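# A structural walkthrough
The residues making up each chain are set out below.
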Amino acid sequence: MRLGRVEITPGFLVLAAWLNYADDQGLLLPAMISCVLHEVGHLCALYVLKKDIKYIRITAVGAEICVADSMSYQGELIAALAGPCVNLLLAGLLCRLPGGAMLAGMNLVLACFNLLPVGRLDGGRALRCLLVWMFGPEWGERLASLSSWMSTLGICGLSLWLAGSGGNVTLAVVAAWLLCSAAVERKRKK
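Residues numbered from 1 in each chain as written. Predicted model: local features only at pLDDT ≥ 70, side-chain atom pairs only at ≥ 80, totals over all residues. Heavy atoms only, no water.

## A few points about the overall build of the chain
- The secondary structure content of the chain amounts to 7 helices and 4 strands.
- Its helices and strands in sequence order give the chain the pattern β-β-α-α-β-β-α-α-α-α-α, from N to C terminus.
- The buried share among the 190 residues of the chain stands at 32%.
- Residue pairs at least 24 apart in sequence account for 57% of intrachain contacts in the chain once pairs closer than 6 positions are excluded.
- Total accessible area on the chain is roughly 11800 Å²; 70% of this is exposed by carbon and sulfur atoms.
- Each charge class in the chain can be summarised by its mean position, and for the 16 positive and 12 negative side chains these summaries are 5 Å apart. (Helix = DSSP H or I, 4+ residues; strand = E, 2+ residues; numbered from the N terminus. Buried < 20%, exposed > 50% of the residue type's maximum accessible area, 1.4 Å probe, protein only. Contact = heavy atoms within 4.5 Å. Areas by Shrake-Rupley, 256 points an atom, 1.4 Å probe, with all protein chains shown as cover. Lys, Arg positive; Asp, Glu negative; His and termini not counted. Charge placed at Lys NZ, Arg CZ, Asp CG, Glu CD.)

## Some details on the pattern of salt bridges
- Tallied over the entire structure, the rule returns 9 salt bridges.
- A salt bridge links Glu 76 to Arg 125; its shortest N-O distance comes to 3.7 Å. Residue Glu 76 is located in helix 3 (residues 73-94), and its partner Arg 125 is located in helix 5 (residues 122-135); the two are separated by 49 residues in the primary sequence.
- For Arg 125, a relative accessible area of 25% corresponds to the partly exposed category.
- One network of salt bridges, with partners in common, ties together Glu 76, Asp 122, Arg 125, Arg 128 and Glu 141. (Salt bridge = Lys/Arg side-chain N within 4 Å of Asp/Glu carboxyl O.)

## Some thoughts on a nonpolar patch on the surface
- The grouping of Tyr 73, Leu 130, Trp 133, Met 134, Phe 135, Trp 139, Leu 143, Leu 146 and Met 150 at the surface amounts to a nonpolar patch, some 930 Å² of accessible area in total.
- Note that Met 134 resides in helix 5. (Patch = residues over 30% accessible without salt bridge, like charges linked within 9 Å, V, L, I, M, F, W, Y side chains within 5 Å.)

## Concerning the packing of helix 5 against helix 6 (residues 137-163)
- As a packed pair, helix 5 and helix 6 sit with axes 7 Å apart at the nearest point and diverge in direction by 145°. The handedness of the crossing between helix 5 and helix 6 comes out as right-handed. On the side of helix 5, the interface is formed by Leu 127, Arg 128, Leu 131, Val 132 and Phe 135, while helix 6 contributes Pro 137, Trp 139, Gly 140, Glu 141, Leu 143, Ala 144 and Ser 147.
- Of the residues that constitute the contact of helix 5 with helix 6, the class distribution is 8 nonpolar, 2 polar and 2 charged. (Axes fitted to C-alpha atoms, helices over the stretch in contact; angles between N-to-C directions. Left-handed = near helix turned anticlockwise from the far one by under 90°. Nonpolar A, V, L, I, M, F, W, Y, C, P; charged D, E, K, R; others polar.)

## Comments concerning helix 2 (residues 28-48)
- Over its 21 residues, helix 2 extends 30 Å from the first C-alpha to the last, a length consistent with the 30 Å expected when each residue adds 1.5 Å.
- For helix 2, the full list of buried residues reads Leu 28, Ser 34, His 38, Gly 41, His 42, Ala 45 and Leu 46. One face of helix 2 carries all of its buried residues, which in axial projection span an arc of 145°. Exposed residues lying more than 90 degrees from the buried face of helix 2 are Leu 29, Val 36, Tyr 47 and Val 48. (Expected span 1.5 Å × (residues − 1). Arc of directions from axis to C-beta.)

Everything listed here is a matter of geometry and, on its own, says nothing about what the molecule does.
Shown next, in the form of structure tokens:
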């Protein structure tokens, strides 16, 4: 489904419908608002950087914002960190409100997850920009790829270790998604 420059994939609609059906505690709407504000953080940074948005694609695993022209490493670093910064700011504000602890925690988890130094996540993009900026494209890309794989394998290992002691389905799904994402990213770079 396309709304102007925004494309919403069928996978997102299916996931949203399933989450709505399974949401017994009423967390879906606050989680969606936190995710939207996260993306608004990226968009505000891109606006300040005077970047033209080509399209926004909303999928089952997140949103992808494509700009019309290339960005400097510094600009991409700022844009990548803007989303998690919004979530950290919201967590700090919401934890001070009566009954805001759950929403604060939700924003904190969203920020921390996105700051993981893994491939396409904001933390992976930010780390890649820093490393390429500091060490040049060849070494920066190698170090970023190594960091991404080590982090992904560490999360997979943690998932397997927890599976032996009762398990954590959410972490196992996240680990599998990160592993697949890293493999797709590696294949795309070849």
